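The chain contents come next:
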Amino acid sequence: MSKLVKSIFVCLVILVSLCSCNSFKYRELYGITDEFVEKLQTTYQSYGMFGGMEYTKYTEDKEYKVFPMGRLINVRIERYADDDEYETLRKALESHYSGDRRVNQVYRNQAGTIMIDCRN
């Protein structure tokens, strides 16, 4: 293998590693939100107007709280987080659910947290 081919290969490996960081960072959160999204298709018509503590889940490190209400799923960072951090989270969730017909939209609500909209 020539040095150029090796350099290109190393650059590609590094690029792929960097691109997958968000996927690894949010992997547990995706698992929780995926479960809520799936249950809206298979188990529940709605989580009720106010959701409920029995449905609330946290990531293992308690960094994220996921709280469904109706056919919306609220994702909140459980520590101080600025707008940039919430925007990064919104984009990651939006990318995760792109092409998923069960999710209409991922957006920031007026309170600043992230909403995953699964309304029909």
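Residues numbered from 1 in each chain as written. Predicted model: local features only at pLDDT ≥ 70, side-chain atom pairs only at ≥ 80, totals over all residues. Heavy atoms only, no water.

Turning our attention to the nonpolar core. One finds Ile73, Val75, Leu89, Leu93 and Ile116 to be the most contacted residues of the largest nonpolar core, which totals 25 residues. If you list the elements that add at least two residues to this core, you get α3 (27-42), β2 (64-69), β3 (72-77), α4 (83-97) and β5 (114-117). No other element matches the 6 residues that α3 contributes to this core. (Core = buried A, V, L, I, M, F, W, Y, C linked by side-chain atoms within 4.5 Å. Buried < 20%, exposed > 50% of the residue type's maximum accessible area, 1.4 Å probe, protein only. Helix = DSSP H or I, 4+ residues; strand = E, 2+ residues; numbered from the N terminus.)

Turning to the packing of aromatic side chains, a few remarks are in order. In this structure the tally under the stated criterion is 6 aromatic pairs. Between Tyr26 and Tyr30, the aromatic rings sit 6.1 Å apart at their centres with planes inclined by 50 degrees, giving tilted as the arrangement. Tyr26 sits in the buried class, given a relative accessible area of 1%. Look at Tyr30 and you get buried, because its relative accessible area is 9%. Each ring, one from Tyr47 and one from Tyr55, has its centre 5.0 Å from the other, and the planes form 75 degrees; the classification is edge-to-face. In this pair, the class of Tyr47 matches that of Tyr55, namely buried. Three or more aromatic residues joined by ring pairs make a cluster, and in this case those are Phe36, Tyr44, Tyr47 and Tyr55. Just above the ring of Phe67 sits the side chain of Lys65; from NZ or CZ to the centre is 5.8 Å. (Phe/Tyr/Trp six-rings, centres within 6.5 Å; stacked < 30°, edge-to-face > 60°. Lys NZ or Arg CZ within 6 Å of the ring centre and 35° of its normal.)

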